[in-house]
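Read off the chains here:
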Amino acid sequence: MQNPSIVFVVLCMMGCSHGHPAKEAVANEPTVAKQIDPNYGSEVLDVDSILLNRSIPFRSSVDGITAVLGNPDSIVSTSHECGGFFEVDQVRNYYYGRTRFEVYGDTGVIRNIDIGDARFRLTAGSAHLDSRTSLANIGELFPRSASQAYPIKDEAGKEVLLVRLKAEPSSDDVWVLHFQDGHLVEVEYWIPC
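Keep in mind it's a predicted model, so treat the numbers as computed, not measured.

K.L.:
Now, about helix H3 (residues 62-69): what can you tell me, with residues and values included?
P.N.:
Considered for burial, the residues of H3 that qualify are Val62, Ile65 and Leu69. The arc that holds every buried residue of H3, seen down its axis, measures 65 degrees, which confines them to one face. The exposed residues of H3 that point more than 90 degrees off its buried face are Asp63 and Ala67. In the core, the buried residues of H3 are packed alongside strand E1 (50-52), strand E2 (56-57), strand E3 (59-61), strand E5 (90-96), strand E6 (99-104) and strand E7 (107-114). Positioned one or two residues after H3, Gly70 has a phi angle of 80 degrees, which is positive.

Next up, the structure:
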């Protein structure tokens, strides 16, 4: 017989997962983010070097985001107990497909980029991250992190390889690069509780 305490913990963890807002009207970090150790590695993909579509920095004004991307497909207000960029109770999430910006006041930050959506690509200095980016490409830039990629199952049950990179040298925040079928499909900015 299974230990009842273990079963309870597993059931609690399963109940904490969140899906896409169109399905649940809840916007939060994906389930896979809960498995990330914030003390991982020393290689850094610095937030200050990130540009979405060569023009939107990691932290931008809402006007700057909408000037480039137009009005969001949806805006979902959510409460955060932890894991939010802004240390406030209520934020808005601007969605462009599955790409998400966390917004408070007139400031938005990149939280999830659906790299599989041809509308989006990231640059970080001379590095270009788009749907053609392979794990081998990331290995050339971040060899230690790429060599420690690990598989998980996504919400649809498909295998995804995750690569984690620190977002700033002195921060616990990490970028999580999601690879499926050998290519980058999502870039997530993950914040520990």
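Next comes the rest of the description.
K.L.:
An account of the environment of Asp48 is needed here, citing residue identities and associated values.
P.N.:
Summarising the element assignment, Asp48 is placed in the loop between helix H2 (21-24) and E1. A residue is classified by how much of its surface remains accessible, and Asp48, at 69% relative accessible area, is exposed. In the structure, Asp48 is positioned ten residues away from Phe58 in sequence and 6.9 Å away in space, judged by C-alpha atoms.

K.L.:
Talk me through the packing of aromatic side chains; I want residue IDs and the actual numbers.
P.N.:
Taken as a whole and assessed by the stated rule, the structure comprises eight aromatic pairs. The interplanar angle of 80 degrees and the centroid separation of 5.1 Å between the aromatic rings of Phe85 and Phe86 together place this pair among those described as edge-to-face. An aromatic cluster of three or more residues is present, and its members are Phe58, Phe85, Phe86, Tyr104, Trp175 and Tyr189.

K.L.:
Describe the sheet that holds E2, with residues and values.
P.N.:
With respect to topology, four strands assemble into an open sheet ordered E2-E1-E8-E9, the strand pairing being antiparallel. Among the strands making up the open sheet, the edge pair consists of E2 and strand E9 (127-129). One ladder, built from three bridges, connects E1 with strand E8 (residues 122-124); its direction is antiparallel. Counterpart to Leu51 in the pairing with E8 is Thr123.

K.L.:
I'd like to hear about unusual backbone geometry, residue by residue, with values.
P.N.:
In this model, Asn53 sits at a positive phi of 55 degrees, which is unusual for a non-glycine residue. Within the fold, Asn53 resides in the loop between E1 and E2. Its identity as a non-glycine residue notwithstanding, Arg54 has a phi of 60 degrees, on the positive side. Note on placement: Arg54 falls in the loop between E1 and E2. Accessibility expressed as a relative area gives 53% for Arg54, which makes it exposed.

K.L.:
I'd love a proper account of the side chain of Gln180, names of residues and values included.
P.N.:
With respect to the helices, strands and loops of the structure, Gln180 is situated in strand E12 (residues 174-180). Beyond its immediate chain neighbours, meaning those up to four positions away, Gln180 contacts Asp154, Lys158, Glu159, Val160 and Val185.

K.L.:
So, the pairing of strand E13 (residues 183-190): which residues are in play, and what are the values?
P.N.:
When a strand is regular, its side chains alternate between the sheet's two faces. Among the eight residues of E13, six are classified as buried, and the element is accordingly described as predominantly covered. Sheet topology places E7 next to E13; three bridges connect them, and they run antiparallel. Within the sheet, the bridge partner assigned to Ile113 lies in E13 and is Val187. Where E12 folds back onto E13 in an antiparallel hairpin, the turn is made up of two residues, including Asp181, whose phi is positive at roughly 55 degrees.

Conventions we followed
- Residues numbered from 1 in each chain as written.
- Predicted model: local features only at pLDDT ≥ 70, side-chain atom pairs only at ≥ 80, totals over all residues.
- Heavy atoms only, no water.
- Buried < 20%, exposed > 50% of the residue type's maximum accessible area, 1.4 Å probe, protein only.
- Helix = DSSP H or I, 4+ residues; strand = E, 2+ residues; numbered from the N terminus.
- Arc of directions from axis to C-beta.
- Contact = heavy atoms within 4.5 Å.
- Phe/Tyr/Trp six-rings, centres within 6.5 Å; stacked < 30°, edge-to-face > 60°.
- Pairing = 2+ DSSP bridges.

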